[in-house]
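Overview (structure and organization)
If you want the building blocks of each chain, they are given just below.
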Amino acid sequence: MLPVQVGGHPDDVNGRVRHVLFVEGSSQEVDSIAIGTLLRNMIRIEAMGPSFHLKSVATALYPSHPNYYFLIDRDHHDDIVVNSSWNNFPDSATSNLLIWKKKEFENYFLDPEYLQESDLLKPLYRGSSGIKKLEEKITCFANQRVYMEVVNRVILIIREEQKDNWINVFTNLSNFGTPQEAVKALTDMQEFALRRRQIDNSVSNDRINELFNDVLNFFSGNSIPLKFGVGEWCARMSGKEILRQIVNSCFQVTDREGLQLQGEEKYIEAINDLVKKKMSDQPSDFQELYSLIKDRIDNS
């Protein structure tokens, strides 16, 4: 699939067109549009579908295209992998891949103080009392989906475990002279029996219950229902649907004729309004992304 270019490129004349940041999703989704706005159009933004596509392309292209960069959601990645992607960027030994420190791009907007930077926020949610109301809204929407989020996280953990490289292929031609010898070589391998036991253990009821409780405690900070500022749920649960609910209920967006925007138009405009604000008012990870890309362009 060919990448889809987002927006114009005012810096093409000075060679910045050589630098490309590939992101997840499509050219019409909020990630592509808002990240382009956040980076002040200093780099081309290309949308390239799911994260596993970007990871594969990043690995394949970085040796021949050092000015291609890749940004994906955190999903299942652990702290070591995530922090390494930022601390070592651009890393010529691996790939020019950055992984959001929070679950998704949208999680960065689940911050009442940041939301209050928007001119499109309804008056009810402004000021110190508005901070409290936004916290309550975000927490309410999160509590509606917390158990599904925990279950989905357990599924991802088990699914990732199953991807382990648990068996090696043969390289010695001895004992492969007949079909019978070949089959015997397979059936004699202890790895198959060990793998069956590992799979049985990984999907046993005891293991699933243990994972469920571990993830729930991690998200909630041992506090159910969820409380704002307690546990890691605000950063590590999926923020996409929560943010949509916040925009729908807490923002008022109009077009040039004063007509109320709804749906996707309203959502994108609300997010775009926030990332247009001055860089010092952006979340620290947004500021770091801007600095990393700008330094890379300026010094290449």
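Every chain is numbered independently, its residues counted from 1 as its sequence is written. Residue-level local features of this predicted model are given only where pLDDT is at least 70; pairs of side-chain atoms are given and counted only at 80 or more, and the full residue set underlies all totals for whole chains, interfaces and linings. Note that the side-chain values use all heavy atoms of the structure and ignore hydrogens as well as water.

**Considering unusual backbone geometry**
Residue Phe-89 is joined to Pro-90 through a cis peptide bond whose omega torsion reads -10°. Its identity is not glycine, yet Asp-75 carries a phi of approximately 50°, on the positive side. In this fold, Asp-75 is placed in the loop between strand E4 (68–72) and helix H3 (79–87). Buried means the residue's accessible area, taken with a 1.4 Å probe over protein chains only, is under 20% of the maximum for its type, while exposed means over 50%, and partly exposed covers the values in between. Asp-75 gets classed as partly exposed once you look at its relative accessible area, which sits at 23%. In DSSP terms, a helix is any run of H or I states spanning at least four residues, a strand is any run of E spanning at least two, and both are numbered starting from the N terminus.

**Focus: the packing of aromatic side chains**
Centre distance within 6.5 Å is the pairing criterion for rings of Phe, Tyr and Trp, where only the six-membered ring of Trp is used; planes under 30 degrees apart are then read as stacked, over 60 as edge-to-face, and the remainder as tilted. Counting across every chain of the model gives 17 aromatic pairs. Between Trp-100 and Phe-105 the ring centres are 5.9 Å apart and the planes differ by 35°, which places this aromatic pair in the tilted class. Here a set of aromatic residues connected by ring pairs shows up, and it is made of Trp-86, Trp-100, Phe-105, Tyr-108, Phe-109, Tyr-114 and Phe-286. The criterion for a charge sitting over a ring is simple: Lys NZ or Arg CZ within 6 Å of the ring centre, and within 35 degrees of the ring normal. A cation over a ring is seen here: Lys-101 above Trp-86, with NZ or CZ 5.0 Å from the ring centre.

**So, the environment of Asp-73**
Its place among the elements puts Asp-73 in the loop between E4 and H3. Expressed as a C-alpha distance, the spacing of Asp-73 and Ile-99, which sit 26 residues apart in the sequence, is 5.8 Å.

**So, the side chain of Ser-249**
Along the chain, the position of Ser-249 falls in helix H10 (residues 240–250). A polar side-chain atom of Ser-249 sits 2.9 Å from the main-chain carbonyl oxygen of Gln-245. Residues count as neighbours in contact if any of their non-hydrogen atoms are within 4.5 Å of one another. When near neighbours in sequence (up to four residues on either side) are disregarded, Ser-249 contacts Lys-122, Tyr-125, Lys-137 and Phe-141. Under this definition, polar contacts are N or O atom pairs within 3.5 Å; protein pairs additionally need one hydrogen-donor-capable and one acceptor-capable atom, and for neighbouring residues in sequence, both atoms have to be side-chain atoms.

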